[in-house]
Amino acid sequence: MGEARAKSRSRESILGPEPRCIYCFQKWRSLEHMPPRAMFRSKSRPSGLEFATCEECNSGSSDADLVASFFARLSPDHRLDKQLLDEAVALRNQIQRRNPLVLIELFGGSFRREWRRDRSGVNLPFLGVQASGKNTRSLLDRFAAKMSFALYREHVGQALPKHGRAWSTWFLNAGLANQTLQSMLAIMPGGRTLEQGKFHVDEQFAYRYNSDERTIVAALSRFHKGLYIFSLATSEPEKYASIVSTWETTSEVRPGELFA
């Protein structure tokens, strides 16, 4: 899955051709990694999915990146991964310092205990995580919107234009039913992760997508086992608005509105 890269692209080759930030209309000033390094074990990330952004969009969305990286590590699996657990604790401590309301919302009853069958068919206890707090949902909406803009730029070859729209919805580990998952995957034949030579991270991040490479990208992205994002970005929103209106808990963002 994915395209192997023998070496990292230079900063100049990524930023040079870009006329503006991929999220808004300001001049780019920095390099954005989407997903961010914090999403990966020990912050070890292969090259790829790097984009030109302005300082406001890059640094201003750091809390969203932090919260998404934390939730992605909250696996429902009964078999705990010590490294991911340790990293989740470290991220939780950062959230406590920077945005403690997230933890107040989370630990106010957002867990759901249930039984699920593992691959061997045995029923085992799982811990489902939900995020219903306004502040937490807003940050995850922002992260999901960033993913929509980034994948549009990656597969269409230019930033989403002013008249374009990006829609997205996210699921934590308890929220994506297998039937819904399979229906999404059925319409997305392409698959990618980040790879650099023999270094790949498909267990930490991967996505399935469909795109005409001109006007639209739809994708389902998975981050570890705790966070899933379904996104659609298009330069022809009038064609798809009626379809998207049937989705539940979907956020809509236009270019330049990431911090609106």
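In this text the structure is predicted, and so the values were computed from the model without any measurement.

How each quantity is defined
- Residues numbered from 1 in each chain as written.
- Predicted model: local features only at pLDDT ≥ 70, side-chain atom pairs only at ≥ 80, totals over all residues.
- Heavy atoms only, no water.
- Salt bridge = Lys/Arg side-chain N within 4 Å of Asp/Glu carboxyl O.
- Helix = DSSP H or I, 4+ residues; strand = E, 2+ residues; numbered from the N terminus.
- Buried < 20%, exposed > 50% of the residue type's maximum accessible area, 1.4 Å probe, protein only.
- Patch = residues over 30% accessible without salt bridge, like charges linked within 9 Å, V, L, I, M, F, W, Y side chains within 5 Å.
- Areas by Shrake-Rupley, 256 points an atom, 1.4 Å probe, with all protein chains shown as cover.
- Axes fitted to C-alpha atoms, helices over the stretch in contact; angles between N-to-C directions.
- Parallel < 35°, antiparallel > 145°, perpendicular 65-115°, else oblique.
- Contact = heavy atoms within 4.5 Å.
- Nonpolar A, V, L, I, M, F, W, Y, C, P; charged D, E, K, R; others polar.
- Pairing = 2+ DSSP bridges.
- Phe/Tyr/Trp six-rings, centres within 6.5 Å; stacked < 30°, edge-to-face > 60°.
- Expected span 1.5 Å × (residues − 1).
- Core = buried A, V, L, I, M, F, W, Y, C linked by side-chain atoms within 4.5 Å.

Section: the pattern of salt bridges
Then comes step 1: Overall, the coordinates contain twelve salt bridges when judged by the stated rule.
Then comes step 2: Measuring nitrogen to oxygen at the nearest pair gives 2.4 Å for the salt bridge that ties Glu 18 to Arg 153. Placement of the pair is Glu 18 in the loop between helix 1 (11-15) and strand 1 (30-33) and Arg 153 in helix 6 (residues 134-156), with a sequence separation of 135 residues. With respect to burial, Glu 18 and Arg 153 carry one shared label: buried.
Then comes step 3: The salt bridge involving Asp 81 is made with Arg 41; its shortest N-O contact spans 2.5 Å. Note that Asp 81 is positioned in the loop between helix 3 (62-72) and helix 4 (82-98) and Arg 41 in the loop between strand 1 and strand 2 (50-53), a separation of 40 residues in sequence.
Then comes step 4: In the salt-bridge network here, residues are joined through shared partners; they are Glu 32, Asp 65 and Lys 146.

Section: a nonpolar patch on the surface
Then comes step 1: Residues Leu 80, Leu 85 and Val 89 make up a contiguous nonpolar surface patch of about 270 Å² in total accessible area.
Then comes step 2: Since its relative accessible area comes to 33%, Val 89 is described here as partly exposed.

Looking at the packing of helix 3 against helix 6
The angle between the axes and the distance between the axes are what describe a pair of packed helices.
Then comes step 1: Relative orientation of the contacting elements helix 3 and helix 6 amounts to 95 degrees, with a least axis distance of 8 Å. Viewed along their axes, helix 3 and helix 6 adopt a mutual orientation that is roughly perpendicular. Packed against helix 3, whose contacting residues are Asp 63, Ala 64, Asp 65, Val 67, Ala 68 and Phe 71, the element helix 6 presents Thr 136, Leu 139, Leu 140, Arg 142, Phe 143 and Lys 146 at the interface.
Then comes step 2: Class assignment for the residues of the contact of helix 3 with helix 6 results in seven nonpolar, one polar and four charged.

As for the sheet that holds strand 12 (residues 251-253)
Then comes step 1: Taken in spatial order, the six strands of this open sheet run 6-9-10-11-5-12, and their pairing is antiparallel. Among the strands making up the open sheet, the edge pair consists of strand 6 (190-192) and strand 12. Within this sheet the neighbouring strands show an average axis-to-axis angle of 20 degrees, counted without direction.
Then comes step 2: Relative to strand 9 (residues 205-211), strand 6 runs antiparallel, the two being bridged by three bridges. For Gly 190, the partnering residue across the bridge sits in strand 9 and is Tyr 209.
Then comes step 3: Running over the sheet, helix 6 touches strand 5 (165-172), strand 6, strand 9, strand 10 (216-223), strand 11 (227-234) and strand 12 and is turned about 125 degrees from strand 5.

A look at the packing of aromatic side chains
Then comes step 1: One pass over the structure, following the stated rule, counts seven aromatic pairs.
Then comes step 2: Judged by centre distance (5.6 Å) and plane angle (50 degrees), the ring pair of Tyr 207 and Tyr 209 falls under tilted.

Description of helix 6
Then comes step 1: If you check helix 6, its first and last C-alpha atoms are 33 Å apart, about what 23 residues at 1.5 Å a residue would give, namely 33 Å.
Then comes step 2: Helix 6 sits mainly inside the fold: 18 of its 23 residues count as buried.
Then comes step 3: Remark: Gly 157 follows helix 6 within two positions and exhibits a positive phi of approximately 95 degrees.

Digging into helix 3
Then comes step 1: Extensive coverage of helix 3 is indicated by the burial of nine of its eleven residues.
Then comes step 2: Buried residues of helix 3: Ala 64, Asp 65, Leu 66, Val 67, Ala 68, Ser 69, Phe 70, Phe 71 and Ala 72, and no others.

Some thoughts on the nonpolar core
Then comes step 1: The biggest cluster of nonpolar side chains holds 55 residues, and the ones touching the most others in it are Phe 71, Phe 143 and Phe 223.
Then comes step 2: Only helix 3, helix 4, helix 5 (101-106), helix 6, strand 5, strand 9, strand 10 and strand 11 provide two or more residues apiece to this core.
Then comes step 3: Per-element accounting of this core gives the leading share, eleven residues, to helix 6.
Then comes step 4: Grouped together as the second largest cluster of nonpolar side chains are eleven residues, Trp 167, Ile 216, Tyr 228 and Val 244 included.

Function cannot be inferred from these measures alone, as they are strictly geometric.
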